[in-house]
Amino acid sequence: MPAIGLGTFGSDHVSADEVATAVKGAIHAGYRHLDCASVYGNEHRIGPAIQQTGIPREQLWITSKLWNDMHSRVIESCRKTLADLKLEQLDMYLVHWPFPNFHPPGCSVDSRSPDASPYIHANFMKTWREMEKLVDLGLTRHIGTSNMTIPKLELLLRDARIKPAVNEMELHPHFQQPELFDYVRANGIEPIGYSPLGSPGRPERDRTPDDTVDVEDPVIVEIAQRLGIQPAAACIKWAVQRGQTPIPFSVKPKNYIANLECLKSEPLSDADMQAIAGIDKRCRLIKGQVFLWKDNQSWEDLWDPDGVIKT
Ligand SMILES: NC(=O)c1ccc[n+]([C@@H]2O[C@H](COP(=O)([O-])OP(=O)(O)OC[C@H]3O[C@@H](n4cnc5c(N)ncnc54)[C@H](OP(=O)(O)O)[C@@H]3O)[C@@H](O)[C@H]2O)c1
């Protein structure tokens, strides 16, 4: 899997066509890894854009994801993504969230689905068995998870015939998730880091007053100024050197080229890596409130903070 990918979630304000144009430009600039998902609503535009680059399929790594309302229709959903992306096979297919409930795209974080339920491992395993079938059918080379916690992964690793190859998780300097990061790596699962710049363009609904801003952190700004790179580049260099795969989103050529090019310059020093390790603020940005299944719950309950799956 290439060490950096291009994110493709337009965060509700960047159109499918703009993202597709960026995909084409990014592939021309040297990107070989795309992070797609059916819920981003743009795979039907990204597919033709990939084709137009003329880059041989085997040189690209393409990930997509199963949306929450399709947990019981895995094969159908994967085939739709393949048709939209104009591919015969994905490199990676992920279960986007471990919760199966439906909520409409762009809904408020206070919206609650009447059919929301906690994580039920037996149900998740039914979905996972279909994910395994996708590999058997040759529709994807690998399968993986996203937004999982250690207790949920423990059950999956115990019961899976085909283990998840990756776990896509929120990772940036202010949210380093050291326990989960170490856990997945110790179990041979690659961590893919989403929102690697601290998602400065995320939708309003995903913002709370307590959120911190990675690219304004004095440690990040000082490193960037000293090395003559953008603060975003400091976040990306840190991510790759730490051992996770960042998937920064951008539709601006200047930005997506800088995000890739920064990996060609001198690596960060050990002292800079240590300094960034010291600025973790445990500040989760993508909290997942819409998955809550009963009243008076906190979003923290979704993330099993006590090491026990909440029911
Ligand atoms: N698995 C999941 O549940 C999940 C959840 C969230 C995200 N993701 C994936 O992760 C990808 C990235 O996450 P994200 O989009 O939330 O956040 P991100 O990559 O941390 O931040 C993207 C924002 O940063 C700006 N940006 C990019 N490069 C920049 C640079 N060099 N200098 C200044 N600003 C820059 C972009 O704006 P411009 O376009 O103006 O450059 C955009 O607004 C998503 O697109 C998606 O593919 C997955």
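Residues numbered from 1 in each chain as written. Predicted model: local features only at pLDDT ≥ 70, side-chain atom pairs only at ≥ 80, totals over all residues. Heavy atoms only, no water.

### Quick notes on the overall build of the chain
Where we set the bar: Secondary structure follows DSSP: runs of H or I at least 4 residues long count as helices, runs of E at least 2 residues long count as strands, and numbering of each begins at the N terminus. Relative accessibility under 20% of the residue-type maximum defines a buried residue, over 50% an exposed one, and the middle range a partly exposed one, all with a 1.4 Å probe and only protein chains included. Only heavy atoms enter the contact rule, under which two residues are in contact if any of them lie within 4.5 Å. A 1.4 Å probe and the Shrake-Rupley method give the accessible areas. Residues count as covered only by the protein chains that appear here. Just so you know, the count uses Lys and Arg for positive and Asp and Glu for negative, and it drops His and the chain ends. Taken as the charge centre is NZ of Lys, CZ of Arg, CG of Asp or CD of Glu, depending on the residue.
When helices and strands are counted, the chain shows ten helices and eight strands. Counting only residues that meet the buried cut, the chain has 54% of its 311 residues in that class. Of the contacts made within the chain by residues no fewer than 6 positions apart, 75% connect residues no fewer than 24 positions apart. Element-wise, carbon and sulfur atoms account for 53% of the exposed surface of the chain, whose accessible area totals about 13,500 Å². Treating the 34 positive side-chain charges of the chain as one cloud and the 41 negative ones as another, the clouds have centres 4 Å apart.

### Some remarks on the site of the ligand
Condition: The rule for a residue being near a molecule or strand is that one of its heavy atoms must lie within 4 Å of it. Here a polar contact is taken to be a pair of N or O atoms separated by no more than 3.5 Å, where protein atoms must pair a possible hydrogen donor with a possible acceptor and residues adjacent in sequence count only if both atoms sit in side chains.
Near the ligand there are 29 residues, and of these D35, S199, Q230, S250 and K252 occur at the shortest range. Within the side chain of N147, an N or O atom sits 2.9 Å from an oxygen atom of the ligand. One of the backbone nitrogen or oxygen atoms of L197 is found 2.7 Å away from an oxygen atom of the ligand. Contact with the protein chains removes 88% of the 910 Å² of surface that the ligand exposes when unbound.

### Quick word on helix α1 (residues 16-29)
To be explicit about the condition: The span one expects for a helix is its residue count, reduced by one, times 1.5 Å. Note that the arc is defined by the directions from the helix axis to the C-beta atoms.
The end-to-end C-alpha separation of α1 is 20 Å, in line with the 20 Å expected for 14 residues at 1.5 Å each. For α1, the complete set of buried residues consists of V19, A20, A22, V23, A26 and I27. Seen along its axis, α1 keeps its buried residues to an arc of 160°; they face one direction. Away from its buried face by more than 90 degrees, α1 exposes T21 and H28. In this structure, the buried side of α1 is in contact with β1 (6-7), β2 (33-35), α2 (43-53) and α9 (253-261).

### Topic: the sheet that holds strand β5 (residues 140-146)
Definition in use: Note: two strands are recorded as paired if DSSP finds a minimum of 2 bridges between them. Simply put, an axis is a line fit to the C-alpha atoms, just over the touching stretch for a helix, and the angle between two N-to-C directions goes from 0 to 180 degrees.
Pairing is parallel in the open sheet, where eight strands are placed in the order β1-β2-β3-β4-β5-β6-β7-β8. The open sheet has two edge strands with one neighbour each: β1 and β8 (245-246). Bridge count between β5 and strand β6 (residues 166-170): two bridges; the pairing is parallel. Bridge pairing in β6 places S146 opposite E168. Taken strand by strand, helix α6 (residues 178-186) contacts β6 and β7 (190-194), and its axis lies near 170° from that of β6.

### Remarks on the pairing of strand β4 (residues 90-95)
Look at any regular strand and the pattern is simple: side chains alternate between the two faces of the sheet. Which entries qualify depends on this criterion: The definition of a right-handed crossover adopted here requires that, viewed with the strands pointing away, the path from the first strand over the helix to the second runs clockwise.
The buried fraction of β4 is high, at six of six residues. With helix α3 (residues 74-85) bridging strand β3 (residues 61-66) and the parallel β4, this β-α-β connection has right-handed handedness. The pairing of β4 with β5 spans five bridges and is parallel. Within the sheet, the bridge partner assigned to L94 lies in β5 and is G144. As for the winding sense of the linkage, the β-α-β connection from β4 through helix α4 (residues 121-136) to β5 is right-handed.

### Focus on the packing of aromatic side chains
Threshold: Between 30 and 60 degrees the pair is tilted, below 30 it is stacked and above 60 it is edge-to-face, where a pair is any two Phe, Tyr or Trp rings, Trp via its six-membered ring, whose centres lie within 6.5 Å. For a Lys NZ or an Arg CZ to count as sitting over a ring, it must be within 6 Å of the ring centre and within 35 degrees of the ring normal.
One pass over the structure, following the stated rule, counts eight aromatic pairs. Note on Y119 and F124: the rings are 5.5 Å apart at their centroids and 45° apart in plane angle, and the pair reads as tilted. Residue class for Y119 comes out buried when judged on its relative accessible area of 4%. The structure contains a cluster of three or more aromatic residues connected by ring pairs, namely W97, F99, F291, W293 and W303. In this arrangement the basic side chain of R284 is found over the ring face of W303, its NZ or CZ atom lying 3.5 Å from the centre. The ring of W299 is capped by K287, whose NZ or CZ atom sits 5.8 Å from the centre of that ring.

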